[in-house]
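Inside the fold
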Amino acid sequence: MEQIIQQLINGVSLGSIYALIALGYTMVYGILSLINFAHGEIYMIGAFVGYALTTFLGLGFIPSLLISMLVCSILGMIIEKIAYKPMRNSTRIAILITAISVSLFLQYTMVYFVGPETRTFPQVLESQRLNLFNGNVILDTKNIYIFLITVILMITLQFVVKKTKVGKAMRAVSLDKDAAELMGINVNKIISYTFAMGSALAGAAGVLVGIYYNTINPLMGAGPGLKAFVAAVLGGIGLIPGAVFGGFFLGITETLVSAFGGSVYKDAVAFAILIVILLVKPTGLLGKNLKEKV
Amino acid sequence: MKGFNKKSIIAIAALIAAYIIGQVLISNGIIDSYIQLNMIIIGINIILAVSLNLITGFTGQFTLGHAAFMAIGAYVSAIFTAKLGQPFIVAIIAAGIAAAVAGIIIGIPTLRLKGDYLAIATLGFGEIVRILALNIDYIGGAIGFNDIPQYTNWTWLFVITVITVLLISNFIKSYHGRACISIRENEIAAEAMGINTTYYKVLAFAIGAFFAGIAGALYANYFYFIKPDSFGFMKSIDILVIVVFGGMGSITGSIVGAIVLSVISSFLQSIPDLRMVIYAVILFLIMVYKPTGLMGKSEFKIFKKGVKGNVSSKG
């Protein structure tokens, strides 16, 4: 029982990170129907920006988190302008390969400039261990920080999407781009904002991962990027609550699978769940079924 | 192909001449082992690209798991030759059949999905195959499978590549191939015309997987050594890039694409630091300026005149 609670705590932390990355995937997919494979790399760059700020400039945790989010959102907008905007009317496969080429470019440019080795992220948060259940369950304060920051970011995002004018415009664009344009919405600007917000969340996830696992490297984006994408699809791609649900679901499933001795198969289990869900309910666990139109 | 006409005789003569020239140059040592390595890679890439083109370019089913079939073929062939001591031809056929069976098993449920969802499901399948291979000790696990006998040579490569290209291009020109193309053009209309879309999608998937498995067998029996990470997500992307670069729905495009991209990547080997960066930039530029690929949907033809009775069925 204690072991399950311990794994749930770890799972929620891992799930928070997946959920933050998955939100970016889902927002971009919702608005452009584009699988943004470069998103995992934005998360990696977020971690590196956080690393540089804390190590070389000696900034604290909150300022480095905010600056890293800002840098990532600018990077996301630049990527959209340079790489995806010229491709907006191309075929699906051409856009997908563009996204992959952007991802490779970011990965290997980082390898070229910072080297492929793994770096240690400094301890910027004081970690205190709280012992629960007679010391059988350890709750690190880091877990609480990660969960709290994730929840705050998600509430902010939900507020922006549901209550502000930009959010309303985003929802309009994701429903029907042409009609939104006719209603006087600047579609290009809204797409830029979407990329900025999604990338900022990925940047935050990068800094949080640095704090949680203490190690970062230029190729760290590929694995969690793919996983977060799976999370977005599990919950229903294009849906913001779906990404959050999928992220936590995947994080907790993974840690529970590891706890019961299947740690080498935890990735396989994640992908197997993905295939089963796609077969049973392709629009995701929280998605609505759409009838095919002729 | 109805009988032998002038065109097919010239084509056969050209193929035999190409084979003999290659063989003579290799046995005289004019082609050194480095160029030969690149020739083998090009041949394997042609088989992979043509077989993926059948699935993605002609039948319109977007998959990201083609490397998984190659992995299955490579491991099956490795087991047959290294562990069971079977001759290479048995191993090749077993590799193809194993990959085709995997293609049917994964294809029947997932091919109901469309577009991005199919791509995601096949991506998941590819990752599952890789992770399983990482954890089975019989085939070496993460360390890899060592000491596979080296059977692949110029003869095997040439014959199998030619057979693959011929079979797939003839399949596309057949009744069944036209059914596959109609699914790409409009699945609902094809179904309304009485085409069993599920059957043809699974058929294309199985044929594509079969040849990918054979390519895997050639790969395993050339490099002595295979490891699961060689067949990851990026390998599937590499194959897809060849197909898109050459032109989706063009067999000759896939062949040209495989040759050009293999040559580019072997030139880039000399600058290992920036290799992937330049590769990414080239990829990006191709997608922006020529998103239909080198050949589009058309085939390269030497014989422009006198093609009466050989009108392409593609629109």
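Analysis parameters
- Residues numbered from 1 in each chain as written.
- Chains lettered and ligands numbered in written order.
- Predicted model: local features only at pLDDT ≥ 70, side-chain atom pairs only at ≥ 80, totals over all residues.
- Helix = DSSP H or I, 4+ residues; strand = E, 2+ residues; numbered from the N terminus.
- Rg over C-alpha atoms; globule rule 2.2 N^0.38 Å.
- Buried ≥ 20, exposed ≤ 12 C-beta atoms within 10 Å, placed from the backbone.
- Contact = placed C-beta atoms within 7 Å.
- Axes fitted to C-alpha atoms, helices over the stretch in contact; angles between N-to-C directions.
- Parallel < 35°, antiparallel > 145°, perpendicular 65-115°, else oblique.
- Left-handed = near helix turned anticlockwise from the far one by under 90°.
- pLDDT = per-residue confidence, 0-100.
- Nonpolar A, V, L, I, M, F, W, Y, C, P; charged D, E, K, R; others polar.

1. Some thoughts on the overall build of chain B
The number of helices and strands found in chain B is 12 helices and zero strands. A compact globule built from 315 residues should have a C-alpha radius of gyration of about 20 Å, and chain B, at 19 Å, falls within 12% of that. Principal-axis analysis of the C-alpha atoms gives chain B an extent of 50 × 45 × 40 Å. Across the 315 residues of chain B, 46% fall into the buried class. Taking the contacts inside chain B whose residues are at least 6 apart along the sequence as the reference set, 80% of them involve residues at least 24 apart.

2. Points about the packing of helix α3 (residues 66-83) of chain B against helix α9 (residues 197-223) of chain B
Residues and elements named next belong to chain B. Between α3 and α9, the shortest axis-to-axis distance is 6 Å and the interhelical angle comes to 50°. Our classification of the angle between α3 and α9 gives oblique. In this structure, the crossing between α3 and α9 has a hand that is right-handed. Side by side, α3 and α9 meet where H66, F69, M70, A71, I72, G73, A74, S77, A78 and T81 of the first sit next to A209, A212, G213, I214, A215, G216, A217, Y219, A220 and N221 of the second.

3. As for the environment of A:I252
Residues and elements named next belong to chain A. The residue I252 is located in helix α10 (residues 240-262) in this model. Between the alpha carbons of I252 and I273 there is a distance of 13 Å; along the sequence they are 21 residues apart. Apart from the residues lying within four places of it in its own chain, the contact partners of I252 are L8, G11, V12 and G15.

4. Let's talk about the confidence of the model for chain B
Residue and element names in this part refer to chain B. Across chain B, the average pLDDT comes to 86, with 94% of residues at 70 or higher. Counting interchain partners and residues more than four positions distant, the pLDDT-below-50 stretch residues 304-315 has four contacts. The complex prediction reports pTM at 0.86, with the ipTM value standing at 0.83.

5. With respect to the interface of chain A and chain B
Facing the 31 residues of chain A at the interface are 31 residues of chain B. At 12 residues, the largest contribution of residues to the side of chain A that touches chain B is made by helix α4 (residues 92-114) of chain A. Of the residues assigned to the side of chain A that touches chain B, the class counts are 24 nonpolar, five polar and two charged.

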